[in-house]
Amino acid sequence: MKAREKERTLRERFGAAIRRTDVTSPGRWCLYVAPEAIREVCRFVFREMDARYVISVGMDDRPYSGRFLVSHNFAFDRDGILAAFLAELPPDRPEIPSIAGEVPAAGWAEREFRDLVGIEPKGHPYPKRLVLPDGWPDGVHPLRKDHAWNEVPEDWDDEVTFRFDDPPEGCTVVPFGPFHPTLDEPAHFRLYVEGETVRGCEYRGFMVHRGIEKLAESVMSYNDIPMLAERICGICGCVHNVAYAQAVESAAGIQPPPRAEYIRTVMLELERLHSHLLWVGLACHILGFDTLFMQAFRIREPLMWIAEKISGNRKTYSLCLVGGVRWEITPPLAAELRGILDRLEKEWNEVAQAVGRDRNIQRRTRGVGMADARLVKELGLLGPVARAAGVDIDCRRDHPYAAYDRVEFDVVVELDGDVWSRVLVRVREVFESIRIIRQCLEKMEPGPIQTPIDEELLPGRIGLSSVEAPRGESHHFVVTGENNRPRRWRVRAPTYQNLQGVPAMIRDQTLADMTIALGSIDPCFSCTDRLETVDLRTGLVKVWSQAELEQLVRARKSH
Amino acid sequence: MLRQLCRKMFGRSLWVYHANSGGCNGCDIEVLNALTPYYDAERFGIKLVGSPRHADVMLCQGPAMRSTARALRRAYEAMPAPKLVFAIGSCACGGGVWHDSYAVLGPVEKIVPVDFYIPGCPPRPEAILYGVALALGLVDKKIVPAEVRAEVLPVPKYHPEDLRREEEVTVYTKAEKF
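Given the structure is predicted, the values throughout are model-derived calculations rather than measurements. (Residues numbered from 1 in each chain as written. Chains lettered and ligands numbered in written order. Predicted model: local features only at pLDDT ≥ 70, side-chain atom pairs only at ≥ 80, totals over all residues.)

Some details on the overall build of chain B
Looking only at helices and strands, chain B features 5 helices and 9 strands. Shown N-terminal to C-terminal, the secondary structure of chain B runs as helices and strands in the order α-β-α-β-β-β-α-β-α-β-β-α-β-β. In chain B, which comprises 178 residues, the proportion classed as buried is 45%. Once local pairs closer than 6 in sequence are excluded, the contacts in chain B between residues at least 24 apart make up 76%. (Helix = DSSP H or I, 4+ residues; strand = E, 2+ residues; numbered from the N terminus. Buried ≥ 20, exposed ≤ 12 C-beta atoms within 10 Å, placed from the backbone. Contact = placed C-beta atoms within 7 Å.)

Below is the structure:
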C-alpha cells in the first residue's frame with residue numbers, strides 16, 4: 001500500500017478525528033489526532049495496518065502552544081514511513097487514554113511520560129513508577145518546562161526504598177544486584193524461582209537515569225548535544241550521535257554532503273563490528289568458553305585502534321555535527337582500514353567456525369530464551385532478537401539513512417527465535433558490515449564533509465530518525481526550538497523494547513539458562529535509562545556479566 | 001606511605017571489584033579490555049572478582065547517582081580493610097557532563113573515599129593499567145598536584161542574533177543557562 005493510500009484509509013476510517021496530516025520530509029509523517037480517538041487509531045494502525053510500534057513521547061508544550069503533547073510513533077517498515085500520531089492535551093488536565101491495552105509494547109513508554117512529564121495514561125494496566133528514583137516525591141515531574149535541570153525537590157527522601165510486589169505463592173525470591181559481581185551496570189532483579197525453574201521476576205532498573213534529555217532541553221545547544229548523545233552509551237554511542245544529527249536534519253530540512261554520509265556509514269559499521277565482536281566474546285564468557293572470549297577481544301582491538309586514528313578516541317568518536325561530520329577518512333587511513341578488514345575477515349571466519357562446531361555452545365543455547373514472531377510483534381522487539389525470530393526488519397534497508405541506499409548488503413534472518421539463532425545472526429552480520437565498509441571506501445568521492453548552515457533552524461519542527469544500532473533500532477524524536485536548542489528530544493534505545501521481552505523469554509526456563517537468555521538481547525541499561533531515574537517492574541533485565549552468572553551459580557548452591 | 005602500604009598489603013595479588021554506579025558502559029568495556037590479551041592485567045596479579053567481600057580494590061565507574069548511592073556505600077562497606085578505591089573515568093572523577101542534573105549527585109567521592117583518579121572519557125586501557133601500577137608502586141607518578149583556581153567561563157551561544165560586532169571584534173552574548 002502506498003503512503004497516500006494509507007493516509008486515505010485512515011481518513012476514511014476516522015474522519016474528523018484525524019485533524020491534520022503533515023509530511024515533514026519524505027517518509028516522515030505527523031498526524032494530529034483527537035485525544036479521545038487516539039486509542040482506536042493506534043489499535044487500527046498496529047493491528048490492521050500492521051505497523052510496528054516504536055515509542056511514545058510526552059511533551060510539555062505549554063510555553064509554546066499552551067498544551068501538553070503526546071506522540072505515539074509507529075513505523076511502516078515496508079513503505080519506509082515513520083509516523084508520529086500526536087494528540088494535544090489541555091494544560092489543566094493532562095490525561096490521555098492509555099494504548100497499552102491494545103499495544104502492549106507501549107507499557108513502559110506510557111509509564112515513563114507519566115513519571116517524567118506528568119501526563120496520566122488513563123486505563124493503563126500497570127501504572128507503577130518506572131523511571132524516577134525511590135526517594136523522588138510524587139507529583140514532581142522533571143521534564144516539565146517549569147522544572148529546572150538541576151532542581152531536586154525539597155522533600156526528596158534518602159530513606160525511601162522501593163516497594164516490590166509480593167512474589168507468587170510457592171516461589172522463592174532470588175535477589176540480584178544492584179551491584180552484582182558482574183552486572184556491568186546497576187539494576188536490580190527479583191527472580192521468582194520454584195526449584196530450578198524461573199517462574200517470573202520483578203525488575204527495578206532505571207538506576208542509570210542521568211537526566212540526559214532534560215540537560216539537552218535546558219543547557220546544551222544543537223551542536224553540543226551530539227557529544228551528550230554519544231555518552232548515552234559507551235558501546236553504541238555513535239549510533240545515538242548520528243541518530244540525533246539526522247533527526248535535527250530531518251526537522252530542519254538540511255542535507256549533509258554525500259561524503260559525510262559515507263563517513264557516517266563507515267563509522268556506524270565500525271561500531272557494529274566492535275560491538276558484535278564484544279557480544280560474541282561475552283556470550284562465550286557467560287557460557288564458560290573463555291578462550292573464545294579472549295580471542296574475540298584480541299581480534300577486536302585493531303578496530304579500536306583504527307577508530308582512534310580516525311576520530312582521536314577509541315570509543316566516543318564525536319563524529320557528527322548537525323549537517324555533517326567532523327572527521328575525514330584520508331587515503332592512508334582508508335588503506336589501513338582495508339588491511340584491518342582483510343585480517344578481521346580471515347580471523348572472524350575461524351571464530352565463526354569454532355562457534356559453529358562447538359557442541360557445548362549449541363546445547364546451552366538451542367531452545368533457550370525463545371522469542372517468536374508473535375512476541376516480537378506484541379512487544380516491539382528489535383534488531384538481532386527480531387531477525388533471529390524470522391522477522392525481517394532492518395532500518396538500514398527499511399528506512400535508509402546515511403549512505404545505506406547506495407551500498408549492497410543482505411539482512412541476516414534466522415527462523416528459530418532462540419539464543420542460538422541470535423548468535424548466528426550476529427556472527428553473520430559481521431561479514432555484512434565488512435562488506436558495507438569496503439563498498440563505502442570504494443564509492444566515496446572527495447568533497448566537503450559539512451553543509452554550511454547560515455540560518456537559524458525554525459522552531460517547532462518535528463524530526464524523526466531511526467538508526468540500526470548493533471542491538472536494534474535506535475529512534476530519536478526531536479522538536480526544534482528556540483535558543484539554539486531543541487524543545488524536546490526523546491531517545492528510544494533498542495534495549496528499551498527488548499528488555500520488556502525478557503520476562504517472557506525466561507519464563508519456565510532453568511535458572512542456569514537465564515544469564516545467557518538475558519545476555520542474548522545484548523542489554524544496555526545506560527541506553528534504556530538515559531532519561532531519569534525510575535523504578536521499573538514487570539520487566540526482567542538481562543545482563544551479560546560474569547558477576548551475574550557467578551551470582552546465579554552461588555544462588556543455586558545455597559538453595 | 002600509601003604506596004608502601006599497598007606494596008606491603010597487596011603484594012602481587014590485587015583483586016579488583018568493579019562497581020558501575022550509573023555510567024555509560026564505556027569505562028566498563030575498557031576495564032574488560034585491560035584484562036584481555038593485548039593489555040593483560042593479570043601479569044600484575046590483578047584479577048577481577050565478583051564480590052566486594054573478596055576484593056582489595058573497588059573500581060568505581062559512572063557518577064554518583066541518587067538511585068544507587070546507598071547500594072554503592074554498602075558495597076564499599078562490604079570490602080575488607082585495607083581497601084583502595086579507584087575512580088575511573090570523567091564521571092567518577094568529577095561527575096561528568098551530568099554532574100548537576102537532578103538525578104545525579106556528582107563525583108563518587110561524595111559517597112566513598114577515593115584514593116586514585118584515572119580520568120578520561122573513557123580512559124584508555126593503558127591509562128587504567130598505569131593507574132593500578134602506580135598504586136602498586138611499580139611506576140612513578142607523572143604529575144604533581146597544583147592549585148587551580150576555578151574560572152567561571154561564560155557559555156557562548158552560537159546564534160547569529162547573539163553575535164554583535166564591536167569594532168572588528170565579534171562578541172558573544174552570555175547565554176542564560178535555563
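Digging into the packing of helix α10 (residues 331-357) of chain A against helix α15 (residues 419-443) of chain A
Residues and elements named next belong to chain A. With their axes 10 Å apart at the nearest point, α10 and α15 run at an angle of 160° to one another. Between α10 and α15, the angle is such that the two are roughly antiparallel. You can see that α10 and α15 cross each other, and the crossing is left-handed. Of the residues in α15, those in contact with A334, L337, R338, L341, L344, E345, W348, A352 and V355 of α10 are V423, V427, V430, I434, I437, R438 and L441. When the residues that make up the contact of α10 with α15 are grouped by side-chain class, the tally is 13 nonpolar, no polar and 3 charged. (Axes fitted to C-alpha atoms, helices over the stretch in contact; angles between N-to-C directions. Parallel < 35°, antiparallel > 145°, perpendicular 65-115°, else oblique. Left-handed = near helix turned anticlockwise from the far one by under 90°. Nonpolar A, V, L, I, M, F, W, Y, C, P; charged D, E, K, R; others polar.)

A few points about the confidence of the model for chain A
The predicted model of chain A has a mean per-residue pLDDT of 84, with 90% of residues at 70 or higher. Below a pLDDT of 50 lies the segment residues 531-559 of chain A, which in the model reaches 121 contacts outside its immediate sequence neighbourhood of four places, other chains included. (pLDDT = per-residue confidence, 0-100.)

Some thoughts on the environment of G120(B)
One can find G120(B) in the loop between β7 (116-118) and α5 (125-136). Taking the C-alpha atoms as reference points, G120(B) and A92(B), separated by 28 residues in sequence, lie 10.0 Å from one another.

Describing the sheet that holds strand β3 (residues 57-61) of chain B
Residue and element names in this part refer to chain B. The strand order across the open sheet built from 5 strands is β2-β1-β3-β5-β7, with neighbouring strands paired in parallel fashion. Either end of the sheet is taken by a strand with one partner, and the two such strands are β2 (46-48) and β7. Each strand of the sheet is rotated relative to its neighbour by a mean of 30°, with strand direction disregarded. Pairing geometry for strand β5 (residues 84-88) and β7, over 3 bridges, is parallel. Bridge pairing in β7 places I88 opposite I118. (Pairing = 2+ DSSP bridges.)

With respect to the pairing of strand β4 (residues 67-76) of chain A
Residues and elements named next belong to chain A. Along β4, 9 of the 10 residues are buried, which leaves the element largely enclosed by surrounding structure. As paired strands, strand β3 (residues 52-61) and β4 are joined by 9 bridges and run antiparallel to one another. Looking at β4, one finds that V57 is bridged to S71. Bridge count between β4 and strand β5 (residues 81-89): 9 bridges; the pairing is antiparallel. When the sheet's bridge partners are listed, V70 is paired in β5 with A87. Counting the residues between successive antiparallel strands, the hairpin from β4 to β5 contains 4 residues, one of them, G80, with a positive phi of roughly 65°.

As for the domain arrangement of chain A
Residue and element names in this part refer to chain A. In terms of domain boundaries, chain A breaks down into domain 1 (1-127) and domain 2 (212-492). Just the C-alpha atoms count here: the centres of domain 1 and domain 2 sit 27 Å apart. Listed as interface residues are 21 residues of domain 1 and, on the opposing side, 21 residues of domain 2. Only β1 (18-25), β2 (28-33), β3, β4 and β5 provide two or more residues apiece to the side of domain 1 that touches domain 2. (Domains from an automatic or database assignment.)

A short note on the pairing of β5(A)
Residues and elements named next belong to chain A. Most of β5 is tucked away: 8 of the 9 residues are buried. Judged from the 5 bridges that link them, β2 and β5 form a sheet pairing that is parallel. When the sheet's bridge partners are listed, Y32 is paired in β5 with L86.

Points about the sheet that holds strand β13 (residues 462-469) of chain A
All names here are of chain A. Pairing in this open sheet of 3 strands is antiparallel, and the strands run β13-β14-β15 from one edge to the other. Strands with a single pairing partner mark the edges of an open sheet, and in this sheet they are β13 and β15 (488-492). For this sheet, the mean angle separating the axes of adjacent strands, direction not counted, is 15°. Taken together, the 5 bridges between strand β14 (residues 472-479) and β15 define a ladder with antiparallel strand orientation. Paired with F477 across the bridge in β15 is R490.

A closer look at the packing of helix α2 (residues 26-34) of chain B against α5(B)
Residue and element names in this part refer to chain B. Between α2 and α5, the least distance of the axes is 8 Å, while the angle of their chain directions is 70°. When the axes of α2 and α5 are compared, the pair comes out roughly perpendicular. When α2 is examined against α5, the residues E30, V31, N33 and A34 are found in contact with a partner set consisting of P125, I128 and L129. Of the residues that constitute the contact of α2 with α5, the class distribution is 5 nonpolar, 1 polar and 1 charged.

Some remarks on the environment of T291(A)
Tracing the chain through its elements places T291(A) in helix α9 (residues 290-311). Assessed through the 9 C-beta atoms surrounding it within 10 Å, T291(A) is described here as exposed.

Focus on helix α3 (residues 69-78) of chain B
Residue and element names in this part refer to chain B. Within the span of α3, buried status applies to A69, L72, A75 and Y76. The arc enclosing the buried residues of α3, seen along the axis, measures out at 130°, which places them on a common side. More than 90 degrees from the buried face of α3, the exposed residues found are R74 and E77. On its buried face, α3 sits against β1 (14-20), β3, β4 (64-65) and β6 (104-106). (Arc of directions from axis to C-beta.)

What to know about unusual backbone geometry
Look at the link from A81(B) to P82(B): it is a cis peptide, with omega at -5°. Within the secondary structure, P82(B) sits in the loop between α3 and β5. Here the bond from C121(B) into P122(B) is cis, since omega is -15°, no more than 30 degrees from zero. As for its placement among the helices and strands, P122(B) is situated in the loop between β7 and α5. The backbone phi angle of S318(A) is positive, close to 50°, even though this residue is not glycine. If you trace the backbone, S318(A) turns up in the loop between α9 and β11 (320-321). C-beta crowding within 10 Å serves as the criterion here: with 17 such atoms nearby, S318(A) is assigned to the partly exposed category. With phi around 60°, N484(A) is a residue other than glycine that occupies positive phi space. Here N484(A) lies in the loop between β14 and β15. Note on N484(A): 20 C-beta atoms within 10 Å, which makes it buried.

A word on helix α17 (residues 511-519) of chain A
Side chains three or four residues apart in an α-helix point the same way, a direct result of the helix having 3.6 residues per turn. A large share of α17(A) lies buried, amounting to 7 of its 9 residues. Buried residues of α17(A): D513(A), M514(A), T515(A), I516(A), A517(A), L518(A) and G519(A), and no others.

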